[in-house]
Amino acid sequence: MKRILFLMLIPLLFSCTSEKKSYSYLRNTSLSVSRRYIGNYIDFRHTGPEVFGGTNLIWIRTTQFNSFGKISAFGKECKFEPGEKIYIKRMYSAPGPFGNWEYQIENDSSDVYRLSNYRYENNVLVQASF
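Okay, so let's go over this structure. Model, not experiment: these values are computed from the prediction.

Tallied over the entire structure, the rule returns three aromatic pairs. Residues Tyr41 and Phe80 carry aromatic rings whose centres are separated by 5.6 Å and whose planes lie at 70° to one another, so their mutual orientation is edge-to-face. A residue pair is termed long-range when its members are at least 10 positions apart, and Tyr41 in strand β1 (residues 35-47) and Phe80 in the loop between β3 (71-74) and β4 (85-93) qualify at 39 residues. Taken as a pair, Tyr41 and Phe80 share a single burial class, namely buried. By the ring-pair criterion, three or more aromatic residues cluster together here, those being Tyr41, Phe80 and Tyr113. Here the basic side chain of Arg35 rests over the ring of Tyr87, its NZ or CZ set 3.8 Å away from the ring centre.

Cut-offs and rules
- Residues numbered from 1 in each chain as written.
- Predicted model: local features only at pLDDT ≥ 70, side-chain atom pairs only at ≥ 80, totals over all residues.
- Heavy atoms only, no water.
- Phe/Tyr/Trp six-rings, centres within 6.5 Å; stacked < 30°, edge-to-face > 60°.
- Helix = DSSP H or I, 4+ residues; strand = E, 2+ residues; numbered from the N terminus.
- Buried < 20%, exposed > 50% of the residue type's maximum accessible area, 1.4 Å probe, protein only.
- Lys NZ or Arg CZ within 6 Å of the ring centre and 35° of its normal.

Right under this line is the structure:
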């Protein structure tokens, strides 16, 4: 009787341990997405500090956002090469009533720019959130 109970208990133990491992594996991999692909880099334009609030902005054009005015970052020059894959990465939450997130735009190498929340909408420069 003890043998039969022992033989029935062994498969139950093995099935629970494999279930537990697969659950933790799925849970850890779901958190690993850290950046979003936004297309291949095409080119950029620079807006000087005299246009809006003393800020140098670069307006980036990609294959998915192929018009200027959608993606802006702080800087004077853009070192991305045409055809490179470009990603947006969420960095941290800035202080504020709603905890606005700070983002950066990057390629596969080490070129990184902090995104601004300025956009051209209806031919007017506005501040927008992501």
